[in-house]
Structure formats: structure tokens, C-alpha cells
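# Fold and geometry: a report
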Amino acid sequence: MSNWSLKGNLLAAAAVIAVAAPLPAGAAGYLLKEQSASGQGTSFAGATANGMGDATGLFFNPAALGAIEGNQAVGVLSGVFPTSKTSNARGTRATRLGGSTILGTSDPGDIGMDAVIPSGYLAYTVSPDVKLGLAITAPWGLSTDYPESWTGRYHGIHSSLLTINISPTVSYRLMPDLTIAGGLQFQYAKARLSQAVDFGSILAATGVPIAPGSRDGVGEVKGDDWGVGFTAGMLYEPAKGTRFGVSYRSSVFHELDGDSKFEGVPATPALQASFAGSPVRAKVATPDIISFGAYHELTSSIAVMADAQWTNWSRFKELRIRYRNPLRTDTVTDENWDDSWFFALGAAYKWNEKLTLRFGVAYDQTPVSDQYRTPRIPDEDRYWVSIGAGYQVTDSIRTDIGYSHIFANKAKMDLRDNLTGSDAFRGNLSADYKAHVDVIALQTRITF
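Heads up: these notes are all about the structure in this document. All values derive from a computational prediction rather than experimental measurement.

## Considering the overall build of the protein
Looking only at helices and strands, the protein features four helices and 21 strands. Within the protein, buried positions represent 54% of all 448 residues. Considering only contacts in the protein between residues 6 or more positions apart, those separated by 24 or more positions represent 71%. For the protein, the exposed area adds up to about 18,500 Å²; of that, 60% sits on carbon and sulfur atoms. Side chains of the protein give 38 positive and 42 negative charges; the mean places of these two sets differ by 2 Å.

Encoded structure:
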């Protein structure tokens, strides 16, 4: 198989699998950092300064091209295995509805879903000063799944967000020690949400002699959209083996168009009309990100690196679903996320000319406050510990492996139903969450 054919297969596989696979959030919020096995081994410390030295650095900084020699094709597969256990869940109806207990499973168990996240990269040297790059990645995603019988079913059952990002990039060496770069993001997003509907409580509130919780239904919405954004970055190398990087990834605005459907709607004309399936629309904006990175070779065998990343999660103020059906009010979940930081430190040791060993740690701050934590993304602060290795198989082929164990703080949720707006009839909900994530990434790089 020719190099060009192999490169095409790597990128095509990344595109297909990224759309099809469920994506668990491996980092805070619904960001997926898992786009590089060589970076995984250092908890992505130095990634903005392309401490990996390969084309996977394009995901973190388009100016990473400045640290790449020759032409490269890289394929990455990252297995993300989250464990997020829900316990002590307790649901009650609003006081004005009697405050009765919402019957159901209080310990629904593990709500996380395993997945494989692919990515593919190309780097091509046009001239010593001009280089082109292409990255196909899945930068955002989440997937949580509860049993339909759990006590918090009126707040959420299934949640998934899948993305694929196609990013062409060009870099220019402005000075011998300074590279600038920019690129576009063509981003596809697809989402599906479901939750139970307490038709018993809705009917009881209108005077119908029926017990709350005695008549459940299920509602589901799904939609997709394409959006466009951009990336920009700089890479400064004041001395050989020392690099500093800064990059910016813009927000991408989506208007997801799709459909809604409701099952188990009682044969009451008003409810049949209000809960009739209809087209839906939801606005989603991925946050913009500013990253800073440093890489320094202490000796010919030892390198140290660091990264800091600020994410503008405060864009995510609410999750609002608008229905074409004029009888349906918007479904709104208040999010009010905060901006957050990610910090990483790492090191690499060149064992010999073929083998490199890596280690890293990181702190990943959650954007979710206790007041607004929901079952769809029960996020908390995370701590990373990573190891990895790279091996030069031949002059043109290199393989890398990276592993991270991510610990999350215990999370608590306490949601209140005041019977106003779209929160009405969801009930009060409290629960405890304990989570960790294991990530293993494999990578092949071909130089040509």
C-alpha cells in the first residue's frame, strides 16, 4: 500500500468512526482532550508547544507545524473507559403537589459509556517557511445513560453529543525563531436527549383524580448541524530544544435542527395536542479556548514541559429546546457554567535512540457549580496521572502509547422543582456521584 493510500485510509476511518461512536467526556465539561497518544503520556503537558514533536500537536496549536520536520501522517485511537456511579438518589415532588416520594431506583449504578475516539492528522512542507496541516478530530462529546426506572428520570435518561471537526491549517515562519499559524474549523454536531414525563402529576394538578407518578411517558429530542470556527497560534523557539506556544480555538455556534417525539401521552385532547411530535431547534455554542505551553530539553535525554488552558465555559448558560408546535413551551435547563482552567506538568526521558518514556500529572477544574449540577453532566474537579512511551519502529514509522487514570472528586446534586417554567413536574432530586476515567491511546506516525 502506498503512503498516500495509507494516509487516506487513516483520515477516512477517523471521519467515519468519529460520527458513529458515542463519546464520553474525558476532560471537564464535555471537552475531549484525547486526541494524541504521545500527548496522553504527559497529561498533555507541553502540547501547546508541541512537546510531542508530531502532527497531533495541530489539535492544540496550529503553529505546531513549526516544530515538525518533513511530512507526516498520524492516526490515533483513544479508548475512554469512564466509571460514573450514581448513589443515594432521592426524588420528591414539589411541596404544592404533596411532596410525595418519586418511586424508582435510587442506585442506578454506572451511567458512563465506553468509547473509542479516533483522530487523524497530516502535515506537509511546502517550503522551509510554509507548511500545511489537516486535522480530523472529535473535540466535544458526552454520553450518559440511566435506566428508565430511576428516581431522577424526569430530569434525564439519555444524553449524548457527538462531534467531528475538520480543520485545515497553514503556518508561516515569520522569523527564524517564530512561527505563526491559522486554520478553519468545519464542525458537525449531533445530539440526542431523553427524559420521562410525569403525566400523572400534570393531570393531578389540573384536578383530574389520578395519583402523581401513576402515568409516565417518555420524551426524546434529537438534532444536528454544521458550524464554522477558526484556530490561531504562535510557536516561539528562542533556542534549539526550548519552545513556547500560545493558541486560540474559537467558539463554534450551532443551531441543531431535528425532531421531538413523545410516548405514553394520555388520551386527553389538550395533552395530545401539546405533546404532539414536532420539529425542534436548539442553540449550542462550544466554548472558546486559550492555551499556553512550554517545552524545554534539560539534556539530550530529558525534557520537561507544562501547559495551562483557559476554557470559556460561561457561554453555556442554559440548555433550551424550542418546539415548532405552538402549544409547547420551550424546555429549559439552567446551566450557568463557570470558566475553568486546566494545568499540566510532564517529563520525557529518551532511553535510547529508539525508545522515549513519558510521565505527566494534571489538574482539571470543573465548570459546574454545585447549584447547577444535573444528571446529564454530573461533573466535578479531576486529577490526572499519565504514563506513556514512544518507539521508533523504522526510519519512517513510529508508534506511541499513552495511559491516563483520571480521578474525580465526589459530586453532589440537589435540584429543586418550584413548579414554574419548564422545570415544573420534574420533581426535586438529590444524588451522589463518584467517578473515574481510564484512557489508553495508541498512535502510528508515518514520516515521508
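## Considering the nonpolar core
Membership of the largest hydrophobic core comes to 35 residues, with the highest contact counts inside it found for Ala55, Phe60, Tyr121, Met305 and Trp384. Breaking this core down by element, the ones donating at least two residues are strand S1 (72-92), strand S3 (115-125), strand S13 (302-311), strand S16 (340-350) and strand S21 (428-447). Ignoring any residue separated from it by four or fewer positions in sequence, one finds Phe60 in contact with Lys33, Ser36, Phe44, Ala47, Thr48, Met52 and Ser247.

## Brief notes about the pairing of strand S17 (residues 355-364)
Covered by surrounding structure in S17 are Thr356, Arg358, Gly360, Ala362 and Asp364 only, the residues Leu355, Leu357, Phe359, Val361 and Tyr363 on the alternate face being uncovered. Both S16 and S17 contribute to a ladder of nine bridges, which runs antiparallel. Among the inter-strand pairings, Tyr349 is bridged to a residue of S17, identified as Leu357. Strand direction decides the pairing type here: S17 and strand S18 (residues 382-392), joined by ten bridges, are antiparallel. Bridging from a neighbouring strand, Arg358 pairs with Gly388 of S18.

## Some details on the pattern of salt bridges
A complete count under the given rule lists 20 salt bridges for this structure. For Arg93, the salt bridge identified is with Asp198, shortest N-O distance 3.1 Å. Of this pair, Arg93 sits in the loop between S1 and strand S2 (109-110) while Asp198 sits in strand S7 (residues 178-198), and the two are 105 residues apart along the sequence. Side by side, Arg93 and Asp198 carry an identical accessibility label, which is buried.

About the thresholds
Residues numbered from 1 in each chain as written. Predicted model: local features only at pLDDT ≥ 70, side-chain atom pairs only at ≥ 80, totals over all residues. Heavy atoms only, no water. Helix = DSSP H or I, 4+ residues; strand = E, 2+ residues; numbered from the N terminus. Buried < 20%, exposed > 50% of the residue type's maximum accessible area, 1.4 Å probe, protein only. Contact = heavy atoms within 4.5 Å. Areas by Shrake-Rupley, 256 points an atom, 1.4 Å probe, with all protein chains shown as cover. Lys, Arg positive; Asp, Glu negative; His and termini not counted. Charge placed at Lys NZ, Arg CZ, Asp CG, Glu CD. Core = buried A, V, L, I, M, F, W, Y, C linked by side-chain atoms within 4.5 Å. Pairing = 2+ DSSP bridges. Salt bridge = Lys/Arg side-chain N within 4 Å of Asp/Glu carboxyl O.

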